[in-house]
Amino acid sequence: GLDIEVTNSAINQLKGDEDIIITQKTLTERAESKVPTAKHISVDNFLILFSCLLRFFLLTFLFSCLLRFFLLTFLFSCLLRFFLLTFLFSCLLRFFLLTFLF
């Protein structure tokens, strides 16, 4: 992942070295005057932003869980087939050896 520090603070407490500032639309002008060098992103409603981020992270988590499940299922299936074929081959080998030797 990325090593990004995220903090929450009032506009009056901004230090001036911030790279990206996300504010509610009505507060963007104040933030721009306090830190003009930062990239400013205005949001109409933080709840909409939060719900979008939450959906993104949940979908990412579910996708990674499903991917792990299918990979483990496939791996288990391959191992099971390998052991079954090995067992079958050894049984057949014993049968033919015993049949032809005796």
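Peer 1: Kindly report on the pattern of salt bridges, identifying the contributing residues and their values.
Peer 2: Going through the model one piece at a time under the given rule, you end up with one salt bridge. Measuring nitrogen to oxygen at the nearest pair gives 3.1 Å for the salt bridge that ties Lys 25 to Asp 44. With Lys 25 in the loop between strand S1 (20–24) and helix H1 (28–34) and Asp 44 in the loop between strand S2 (39–43) and helix H2 (46–101), this pair connects stretches of sequence that are 19 residues apart. When sorted by exposure, Lys 25 lands in the same class as Asp 44, which is exposed.

Peer 1: Give a detailed account of the side chain of Thr 28, specifying residues and quantitative values.
Peer 2: The topology assignment puts Thr 28 in helix H1. On the basis of relative accessible area, Thr 28 is assigned to the buried category, the value being 7%. Polar side-chain contacts of Thr 28 include one of 2.6 Å to the side chain of Ser 42.

Peer 1: Any chance you could break down the layout of surface pockets for me, citing the residues and the numbers?
Peer 2: Roughly 1,000 Å³ of volume is contained in the largest pocket. Around the largest pocket, the lining comprises 24 residues; the ones closest to its centre are Val 6, Thr 7, Ile 20, Ile 21 and Ile 22. Breaking the lining of the largest pocket down by element, the ones donating at least two residues are S1 and H2. If you tally residues by element for the lining of the largest pocket, the top one is S1, at five residues.

Quick notes on the rules
Residues numbered from 1 in each chain as written. Predicted model: local features only at pLDDT ≥ 70, side-chain atom pairs only at ≥ 80, totals over all residues. Heavy atoms only, no water. Salt bridge = Lys/Arg side-chain N within 4 Å of Asp/Glu carboxyl O. Helix = DSSP H or I, 4+ residues; strand = E, 2+ residues; numbered from the N terminus. Buried < 20%, exposed > 50% of the residue type's maximum accessible area, 1.4 Å probe, protein only. Polar contact = N/O pair within 3.5 Å; in protein donor to acceptor, adjacent residues only side chain to side chain. 1 Å grid on protein atoms, 1.4 Å probe; cavity = no way out; pocket = protein on both sides within 12 Å on 5 of 7 lines; lining within 4 Å. Points joined across faces, edges and corners; volume = space filled by probe spheres on them.

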